[in-house]
Amino acid sequence: MSRKFFPIAQIIRPHGRKGEFRLRLCTDHPETLTGAKKIYLCSDSDDTVEALPRSVETVRKHQDVFLMKLEGVDDIPGAQSLRNRHICLPREDLIPLAEGEFFLHDLIGLEVRDHLDNSVGRTEWIMETGGTPVLVVRGAGEEEILVPFSPGSVMDVDLKQRLLILKNIPGLLEINR
């Protein structure tokens, strides 16, 4: 099943008294957010739950965070009711990526192999830690293997082949089982 919506931000908390709220970006391209006229509210970063369309009144940067105001949200309780929701967009509304770039969600379902071409498993989901994302790989024996998604541990990503190759790091797989 392919994704319908992609999270670009998460609502953190209300800001001010007129229905604005603070956002935590989930994208390296903030212009995707600032150019949006319509967004979809998802209750988590997975689009298997209902996504509600909403019109955007304003999006602005304030100090080091982005603030958003949605049509019909005009007070603190209204903004508070949206806390922890994800702001999502359909793929066609996302900024086109440069050559070699990809969305983290594109890594879900990739076959993971070690540097010797041995199967490790498939990427089941991505744990966003606030730092380096961690791939949760389901191994052959149904075990979970945690792999940091960083240049230090991932050698190559080939989306056309649906393949992710890990670097030769002694103990990487054993310590993260």
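Because the structure is a prediction, the values reported are computed rather than measured.

**Structural notes on the pattern of salt bridges**
Phase 1: Under the counting rule described, the total for this entry stands at eight salt bridges.
Phase 2: In this structure, the salt-bridge partner of Glu20 is Arg60, at a minimum N-O distance of 2.9 Å. In this pair, Glu20 is assigned in strand 2 (residues 20-25) and Arg60 in strand 4 (residues 51-62), connecting sequence segments 40 residues apart.
Phase 3: In this structure, Asp117 and Arg113 form a salt bridge, with 3.4 Å as the shortest nitrogen-oxygen distance.
Phase 4: Here Asp117 falls in the partly exposed class, since its relative accessible area comes to 49%.

**Quick word on the environment of Asp75**
Phase 1: In this fold, Asp75 is placed in the loop between strand 5 (65-70) and helix 2 (76-80).
Phase 2: Residues Asp75 and Gly171 lie 96 residues apart in sequence; the distance between their C-alpha atoms is 52 Å.
Phase 3: Among the polar contacts made by the side chain of Asp75, one reaches the main-chain amide nitrogen of Gly78 at a distance of 2.8 Å.

About the criteria used
- Residues numbered from 1 in each chain as written.
- Predicted model: local features only at pLDDT ≥ 70, side-chain atom pairs only at ≥ 80, totals over all residues.
- Heavy atoms only, no water.
- Salt bridge = Lys/Arg side-chain N within 4 Å of Asp/Glu carboxyl O.
- Helix = DSSP H or I, 4+ residues; strand = E, 2+ residues; numbered from the N terminus.
- Buried < 20%, exposed > 50% of the residue type's maximum accessible area, 1.4 Å probe, protein only.
- Polar contact = N/O pair within 3.5 Å; in protein donor to acceptor, adjacent residues only side chain to side chain.

By themselves, these observations are geometric and do not establish any function.
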